[in-house]
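Listed below, chain by chain, are the residues.
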Amino acid sequence: MQIIRSVGELADYVAMQRRHHHAIGFVPTMGALHAGHISLVERAVRDNEVTIVSVFVNPTQFNNPSDLATYPRKEEEDFRMLAGAGVSAVFAPAVEEMYPSGTSRDHEYKLGSAAEVMEGKYRPGHFQGVAQVVHRLFDLVRPDRAYFGEKDFQQIAVIRNMVESEHVDVEIIACPIRRAADGLALSSRNALLSEEQRRRAPGIYAALCESVDYSQSHTVQETHDMVVERINNIPEMRVEYYEIVDGRTLMPISEWGESDFAVGCITVYNGDVRLIDNIRYK
Ligand code: PAF
């Protein structure tokens, strides 16, 4: 596996793959890799001749400086996992390499109303930062296919909108959430949980699963309230938002009949650690 630090080296590597007509699969990550990331990588390795993974903690998508400062980093272990999964090259640039003229944003991406709700509302600027870095990475890697995990359900919709509005020629592939045996959605942030918080964390997915049965005989509002109450009753947990939305538009629904693809998207503070998850109702 080749480790690439500079944009110039990456351009050379990509040009060589293009000359050989190799299909390029791309998995953008912020490192601190877990089995969820590796499942994206394995899919990319299956689908393409060449798989490139980026490991870059993108400062422009963090609206909270302490969140950026505490974001877990473990580059050597990440590289070992990627090499073991059959990755062709990893691109792990410094911030100055990615943003040579600084991290301020001079372009407003058209991300549609999907970027205004939920994460967009609670983390102002977050999706502009995600769009900025993913667009720049797509420009450099020029992938045929790019792979994203459905834990960040809203992020996938927003990236699809960015790809459309910026006319990027790439296929976006959404891959299912990977969970620990106790149901907790795998996330780099899980590493920040104390033992006690980790023990309680599966309560989020348990409440979501329970709500799927509950929704058969209850309204959208009642189902929403049940989930929020269940989780808020767990010590140290506080639901930031729970929204039941149409999975295509991400607009909230108020009756089950309004959508044939209803998804519940949740963000929970477990102590200071912000966790997200989602569940499909239909
Ligand atoms: O999902 C993530 O890890 C990040 O938002 C991404 C897509 C790598 C952009 O920094």
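Definitions and limits used
Residues numbered from 1 in each chain as written. Predicted model: local features only at pLDDT ≥ 70, side-chain atom pairs only at ≥ 80, totals over all residues. Heavy atoms only, no water. Phe/Tyr/Trp six-rings, centres within 6.5 Å; stacked < 30°, edge-to-face > 60°. Helix = DSSP H or I, 4+ residues; strand = E, 2+ residues; numbered from the N terminus. Buried < 20%, exposed > 50% of the residue type's maximum accessible area, 1.4 Å probe, protein only. Lys NZ or Arg CZ within 6 Å of the ring centre and 35° of its normal. Axes fitted to C-alpha atoms, helices over the stretch in contact; angles between N-to-C directions. Parallel < 35°, antiparallel > 145°, perpendicular 65-115°, else oblique. Contact = heavy atoms within 4.5 Å. Expected span 1.5 Å × (residues − 1). Pairing = 2+ DSSP bridges.

Enquirer: I'd love a proper account of the packing of aromatic side chains, names of residues and values included.
Expert: Scanning the model with the defined rule gives six aromatic pairs in all. Ring plane angle 75° and centroid distance 6.2 Å describe the contact between F26 and F138, whose orientation is recorded as edge-to-face. With a gap of 112 residues between them, F26 in strand β2 (residues 24–29) and F138 in helix α7 (residues 126–141) connect regions that are remote in the sequence. In this pair, the class of F26 matches that of F138, namely buried. Judged by centre distance (5.6 Å) and plane angle (75°), the ring pair of F62 and Y71 falls under edge-to-face. By the burial criterion, F62 is buried, and Y71 matches it. The aromatic ring of Y205 is capped on one face by R179, whose charged end is 3.5 Å from the ring centroid.

Enquirer: Tell me about the packing of helix α1 (residues 7–19) against α7, and please be specific about residues and values.
Expert: Interaxial distance between α1 and α7 falls to 8 Å at its minimum, and their mutual angle equals 50°. Overall, the two elements α1 and α7 adopt an arrangement that is oblique. In this structure, α1 contributes V7, L10 and V14 to the contact, and α7 contributes R136, L140 and V141.

Enquirer: Describe helix α2 (residues 35–47), listing the residues and the values that go with them.
Expert: With 13 residues, α2 extends 18 Å from end C-alpha to end C-alpha; this agrees with the ideal 18 Å at 1.5 Å per step. Listing the buried residues of α2 in full gives G36, H37, I38, S39, L40, V41 and A44.

Enquirer: Quick one: what's the story with the sheet that holds strand β1 (residues 2–4), residue by residue and with numbers?
Expert: One open sheet holds the six strands; their spatial order is β1-β4-β3-β2-β5-β6, and the pairing between them is parallel. Every interior strand has two partners, whereas the edge strands, β1 and β6 (171–175), have only one. Averaged over neighbouring strand pairs, the angle between their axes works out to 25° when direction is ignored. With three bridges connecting them, β1 and strand β4 (residues 89–91) associate as parallel partners. Within the sheet, the bridge partner assigned to Q2 lies in β4 and is A89. Of the strands in this sheet, β2, β3 (50–55), β4, β5 (145–149) and β6 are in contact with α7, which crosses β2 at around 150°. Across the sheet, helix α8 (residues 153–165) lies against β5 and β6, angled at about 175° from β6, the strand it touches most.

Enquirer: Got a sec to walk through the pairing of strand β8 (residues 262–270)? Specific residues and values, please.
Expert: β8 sits mainly inside the fold: eight of its nine residues count as buried. Of the pairings in the sheet, the one linking strand β7 (residues 237–246) to β8 comprises nine bridges and is antiparallel in character. By the bridge assignment, R238 is partnered in β8 with Y269. Taken together, the eight bridges between β8 and strand β9 (residues 273–280) define a ladder with antiparallel strand orientation. In the strand pairing of β9, V268 is matched with L275. Counted along the chain from β8 to the antiparallel partner β9, the turn is two residues long, and its residue G271 has a positive phi close to 65°.

Enquirer: Describe the side chain of R200, and please don't skip the residues or the numbers.
Expert: With respect to the secondary-structure elements, R200 resides in helix α9 (residues 195–200). Those residues in contact with R200 that sit more than four places away from it in its chain are I234, P235, E236 and M237.

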